[in-house]
Amino acid sequence: MWRLWIVMLGLWAGQTARAELFMYRTPGGHTVFSDRVLTTPGYTAANYAARRGPRKYEGPTLIGPASASRPTLIGPGRQAVESLIDRLAPQYALDPALVKQVVAAESAYRTDARSPKNAQGLMQLIPATAQRFGVQNPWDAEQNLRGGMAYLRWLLGQFRGDVRLALAGYNAGEGAVARHDGLPPYAETRQYVAGIIGRYGKTRHPYVETPE
C-alpha cells in the first residue's frame, strides 16, 4: 500500500551547508519536508522558502553589527549566517545546532524573509518581540539573531529546558503554552515542533532560570 512519507529526514543527510528546507502542507493536513520545490497538486507552501520558490543566484548578504553605522559585506547566504550563529549562540547559552534548526524553519536563512503576520528576518521576529528584546532593526542579521536567541533562551528558562515547549512558545507564544498547560493543540505548532525536534534530535537543553 502506497504511503506518504511525512518527514523526509533522509534528505538532510549529506547535504551541504547551503541546502534549503521547503515545507508544504497536504490536503489531509500533514506536513512534507523537501530539499527541493514541489509542485504536487493540492500542496500548499508552509514556509518562506516554499512560498518563494527556487532561489536564484544572489550576491553577498549584508550583515551589519548592531552598533555599526556601516554594515559588513559577507556572504552569500546560509554559510555566513551559520558562522554568525556559531559565534553568537554561546553568548546566550544556546546550542548552535538548535538555533540553526529554528532559523531554517522560520526563514530558510533569508535575512529579508517576511511572513503574512509581519514576522521579520532570520528568526521571524514580530515587532512586539523585537521591541521586547531590544532589536532596533530586524533586517540586520546580527540584531535579529540576538533578539531571537534572547527569546529562545528566555523560553527555555520558562519551561525548564523542555525544548518541545520552548519551540511551541516560539511558534505560538508562551501564553498559548501556559493556557493549554503544555503543547498547544494547533496543527501548525505541533508540526513545527515535531519537524525541528526530528532534525535536532534532542528534547532537553541546559537552561538559565528566568524570574517569574
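Residues numbered from 1 in each chain as written. Predicted model: local features only at pLDDT ≥ 70, side-chain atom pairs only at ≥ 80, totals over all residues. Heavy atoms only, no water.

A.B. asks: Give a description of the packing of aromatic side chains that names residues and reports values.
C.D. replies: According to the stated counting rule, one finds 3 aromatic pairs in the structure shown. Look at Tyr 151 and Tyr 170: their rings are 5.4 Å apart centre to centre, the planes differ by 35°, and that puts the pair in the tilted class. Of this pair, Tyr 151 sits in helix α5 (residues 141-158) while Tyr 170 is found in helix α6 (residues 163-172), placing the two residues 19 residues apart along the sequence. For Tyr 151, a relative accessible area of 6% gives the class buried. A connected cluster of aromatic rings, assembled from ring pairs, spans Phe 133, Tyr 151 and Tyr 170. (Phe/Tyr/Trp six-rings, centres within 6.5 Å; stacked < 30°, edge-to-face > 60°. Helix = DSSP H or I, 4+ residues; strand = E, 2+ residues; numbered from the N terminus. Buried < 20%, exposed > 50% of the residue type's maximum accessible area, 1.4 Å probe, protein only.)

A.B. asks: Could you give an account of the packing of helix α3 (residues 96-107) against α5, with specific residues and numbers?
C.D. replies: Following both chains from N to C, one finds α3 and α5 inclined at 115°, their axes separated by 11 Å at the closest point. Regarding the angle of α3 to α5, the classification is roughly perpendicular. Here the hand of the crossing between α3 and α5 comes out right-handed. Contact with α3, carried on its side by Leu 98, Val 99, Val 102 and Val 103, involves Leu 145, Met 149, Leu 152 and Leu 156 of α5 and no other residues of that element. (Axes fitted to C-alpha atoms, helices over the stretch in contact; angles between N-to-C directions. Parallel < 35°, antiparallel > 145°, perpendicular 65-115°, else oblique. Left-handed = near helix turned anticlockwise from the far one by under 90°. Contact = heavy atoms within 4.5 Å.)

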